[in-house]
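Commentary on secondary and tertiary structure
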Amino acid sequence: MPEKKFVRIKCSDCENEQVTFKRVSSKVECLVCGARLAEPTGGSSLFKGEIIEELGASEEGE
Ligand SMILES: [Zn+2]
């Protein structure tokens, strides 16, 4: 099973859904309200919102 590279995350403030890298290299903010959605930690990512789903590099249905 290939590693998922992206996540769909829902902003806890405005419920906007946004796709970002699973491992972010810089802070990610909500495009709608500007709330912090994710930030890099040592080798991983800290997500502030709710992760709706994880996405592979290419979407193929399932
Ligand atoms: Zn938001």
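This section reports on the structure supplied with the text. (Residues numbered from 1 in each chain as written. Predicted model: local features only at pLDDT ≥ 70, side-chain atom pairs only at ≥ 80, totals over all residues.)

Digging into the sheet that holds strand S3 (residues 28-29)
So the rule is basically this: Only strands joined by at least two bridges in the DSSP assignment are considered to pair. The numbering of helices and of strands both runs from the N terminus, where a helix is a DSSP run of H or I of at least 4 residues and a strand a run of E of at least 2.
Sheet architecture is open: three strands sit in the order S3-S4-S5, paired in antiparallel fashion. Looking along the sheet, the strands with just one partner apiece sit at the ends: S3 and strand S5 (44-47).

Some remarks on the environment of Pro 40
Note the threshold: We call two residues in contact when their backbone-placed C-beta atoms lie within 7 Å.
Here Pro 40 lies in strand S4 (residues 36-41). Along the backbone, Pro 40 and Glu 54 are 14 residues apart, and their C-alpha atoms lie at a distance of 17 Å. When near neighbours in sequence (up to four residues on either side) are disregarded, Pro 40 contacts Val 24, Ser 25, Ser 26 and Ser 45.

Comments concerning the sheet that holds strand S2 (residues 17-21)
As a reminder, the rule being used: The axes are straight lines fitted to the C-alpha atoms, using for helices just the contacting stretch, and the angles between their N-to-C directions are given from 0 to 180°.
Pairing in this open sheet of three strands is antiparallel, and the strands run S2-S1-S6 from one edge to the other. At either margin of the open sheet sits one strand with a lone partner, and together these are S2 and strand S6 (50-55). Recorded for the sheet is a direction-independent mean angle of 30 degrees between the axes of neighbouring strands.

Regarding the nonpolar core
Using the following cut-off: A set of buried Ala, Val, Leu, Ile, Met, Phe, Trp, Tyr and Cys residues, joined through C-beta atoms within 7 Å, is what we mean by a nonpolar core. Our exposure labels follow a C-beta count within 10 Å of each residue's own C-beta, placed from the backbone: buried means 20 or more other C-beta atoms, exposed means 12 or fewer, and partly exposed covers the counts in between.
Judged by nonpolar contacts, Val 7, Ile 9, Cys 11, Val 28, Cys 30, Leu 37 and Ala 38 together constitute the single largest core of seven residues. Sequence-distant contacts of Val 7, that is, excluding residues within four places in its chain, are made with Thr 20, Lys 22, Ile 51, Glu 54 and Leu 55.

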